[in-house]
Amino acid sequence: MSSPDPVSFLSGGGEMGRLIRSHSWSETPLGCPTTWPQSLRSALSICLHSSFPTAIYWGRELRLLYNDAWAPIPAERHPWALGRPGAQVWADIWDVVGPQFEQVMQTGEGFSVFDQMLPMVRNGVRHETYWNYSFTAIRGEDGSVVGVFNQGNETTHAVLARRQAEAEVERLGNMFAQAPSAVAMLGGPDHVFEVVNAAYEELVGRKNLIGRAVAEVLPEVVNQGFIELLDRVFETGEPFVGRAVPVELSRTPGGPMEERLIDFVYQPLTSVAGLRSGVFVQATDVTHAARAEDALRASEAKYEAMVNAIDQMLWSTRPDGFHDYYNDRWYEYTGVPYGSTDGEAWNGMFHPDDQERAWQVWRQSLATGEPYHIEYRLRHRSGQYRWVIGRAQCIRDANGEIMRWFGTCTDIHDLKEAEEARQLLLREMNHRVKNLFAIASGMITMTARTAPSVNEMSERLRGRLGALAKAHELIRSAIATDADSSQKSSLLSLVEEVTRPHVEPADGRQLSISGPEVWLGKDASTSLALIFHELATNAAKYGALHSHDGAIAIEWAVADDQLELHWKETVADREIHPPTLAGFGSKLANSSATGQLRGEISYDWRASGVHIHFRLPMEQLQR
């Protein structure tokens, strides 16, 4: 029967078992392993086969033996540390662990420490490390303490993580405490206050909330639906956001209920295990802001009502002239979509002939701050360009810098047309006065040529002068301040009265007039009276009425809301040639037909006489 192996206790043990078996123990105070006492053998066998980091410090020098799990602890000191004295291996931390080893060796009483800080040197750098470890006395065969059994593990990462978490919690706590908005954390389905900041206490008007349920502390909110809302957020895990929600609170002990408007968030909280743990509450009292906003909206509505109630178009620009506001009158007048004329697009609404001039005036005002004042033609929603007057003033801040421009556009088209018509009529009257004697002289000559006696000549001349005065009365009404704006005239009567002074009363062949009854408004009557007066005068001076053999045919008809009128002159004693230059009277006739009456006039010059065609809208003839 073979004897047992004296070093069988070193069998196995992984890498450290191999290193221990191959180590030169005979050169150390421990001697050859075959001589090691049973207490060391037993302890080492347990150490090598333990999966937990384990080391043995043996003898008075506390020579070090350890297992694979413990090998990473000395880091770069492994495997040099095997068999060496503990004070040599752990010189950097011996001031801490040395007394602990000494206490165990002397008393035989073990102990454990947790998160012990050891300033350990690693890779030449001292690090703050933390450890959980225990020291247990190993007793020899005689009962004396001969070594220390050590187990433990590093907790540096856990300690630092916990420290960081605690710092983060403290930071969040300080942040919550100092947050301007009200913050609270409610725990569990009963919504118990766990965290509350001063702003929340100020909002609800209560203190000592921690550990108490919302329904207990704020009973007035129960019937307002807030507890039901908290229940729903807690149960479903879906957050809720409220904006300017009214809530009634009794914010002073025994005080009246106050309505506050609150923006708030109920955010569900979930534990690490995935279970609902509570609700995070963040709230802001927006009562003053909401009421100020309501007042601002009311003020804006009042302003909009005011600026849209007036007839003028109002606009506003930034200091650089960028248009960013127009009132409703602008869009009603121009017919363009809202916002389509912002920026510089407004200039496209001007008549092409006025755009550069308007830009120059506007740029001058922007550069100098001088008031903006200009007349230009603006495109109306009808497509017509109408005259308006534009004005703008800037407002400045305390430093004199321009803050905004405010301007207006006023339609002056009718006033401008009336003024142009007045000036035109005054020039026409001056023209007529100058020609008065020429016309009278022509009447005398024509009458004298056909009258059989002086008395007959006197009678005919008196009649013609009377007809001329009556025709002049039609023209005079345009500049009379007391003219009746509702006055209507017959086109037939108008033509007869204007042309009668220039023809022989008994000579029906010289003038023919035909057409349906057409009634004319005051403005149209004035314009047509001027046109026919000019044509009749020219006919008497140069055309068909210059001689007894000439004739004029005036015909008109109405079709498609248009008056089609033809003035046809026929001469027999000479050829007619078109004038090389247009006189004032001709210009006046053309301007009246195309301008005031919005119509068309065309001339067909023939050797036998001129044919003039008018096409005039009936709508304008009623004015």
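Keep in mind the model is a prediction, meaning the values are calculated, not measured.

Rules of the game
- For every chain, the first residue of the written sequence is number 1, and numbering continues from 1 onward in sequence order.
- Local features in this predicted model are restricted to residues whose pLDDT is 70 or higher, and side-chain atom pairs enter the listing and the counts only when it is 80 or higher, whereas totals over whole chains, interfaces and linings include all residues.
- Side-chain metrics rest on all non-hydrogen atoms present in the structure, leaving aside hydrogens and water.
- Pairing between strands is defined by DSSP: at least two bridges between them are needed.
- The helix count covers DSSP runs of H or I at least four residues long, the strand count covers runs of E at least two residues long, and both are numbered beginning at the N terminus.
- Here an axis means a line fitted to C-alpha atoms, over the contact stretch when the element is a helix, while the angle between two N-to-C directions is reported on a 0 to 180 degree scale.
- Two residues qualify as a contact provided that any one of their heavy atoms is within 4.5 Å of a heavy atom in the partner residue.
- Pairing of aromatic side chains here covers Phe, Tyr and the six-membered ring of Trp, requires ring centres within 6.5 Å, and sorts the geometry by plane angle: under 30 degrees stacked, over 60 edge-to-face, intermediate tilted.
- Buried means the residue's accessible area, taken with a 1.4 Å probe over protein chains only, is under 20% of the maximum for its type, while exposed means over 50%, and partly exposed covers the values in between.
- Charge over a ring is defined by NZ of Lys or CZ of Arg lying within 6 Å of the ring centre and within 35 degrees of the ring normal.

Spatial ordering of the open sheet is given by β17-β19-β20-β22-β21, a layout of five strands whose pairing is mixed. In the strand order of this sheet, the two ends are held by β17 (511-514) and β21 (600-606), each with one partner. The sheet shows a mean angle of 10 degrees between the axes of neighbouring strands, direction not considered. On the sheet, helix α15 (residues 522-541) packs against β19 (551-559), β20 (562-570) and β22 (609-617) and is oriented at approximately 15 degrees with respect to β20.

Our next topic: the sheet that holds strand β12 (residues 323-326). Read across the sheet, five strands follow the order β12-β11-β15-β14-β13 without closing on themselves; strand pairing throughout is antiparallel. Strands at the two margins of the open sheet, each flanked by one partner only, are β12 and β13 (372-379). On average, each strand axis in the sheet is inclined to that of its neighbour by 25 degrees, with strand direction left out of account. In the sheet, β13 pairs with strand β14 (residues 385-396) via eight bridges, with the strands oriented antiparallel. Paired with I374 across the two strands is G390, which belongs to β14. Lying over the sheet, helix α11 (residues 355-368) contacts β11 (313-317), β12, β13, β14 and β15 (402-411), oriented at roughly 145 degrees with respect to β13.

The next point concerns the packing of aromatic side chains. Enumeration according to the criterion identifies 22 aromatic pairs in this entry. For the ring pair Y133 and F135, a centre distance of 5.3 Å and an interplane angle of 40 degrees mean the geometry is tilted. Between W362 and Y372 the ring centres are 5.1 Å apart and the planes differ by 70 degrees, which places this aromatic pair in the edge-to-face class. Within this pair, whereas W362 is found in helix α11, its partner Y372 is found in strand β13, the two being separated by ten residues in sequence. The exposure class assigned to W362 is buried, which follows from its relative accessible area of 1%. By relative accessible area, which is 3% here, Y372 ends up buried. Pairwise contacts between aromatic rings join Y57, W94, F101, F111, Y133 and F135 into one cluster. The ring of F322 has R318 lying over it, and the distance from NZ or CZ to the ring centre is 4.0 Å. A cation over a ring is seen here: K416 above W387, with NZ or CZ 4.7 Å from the ring centre.

Function cannot be inferred from these measures alone, as they are strictly geometric.
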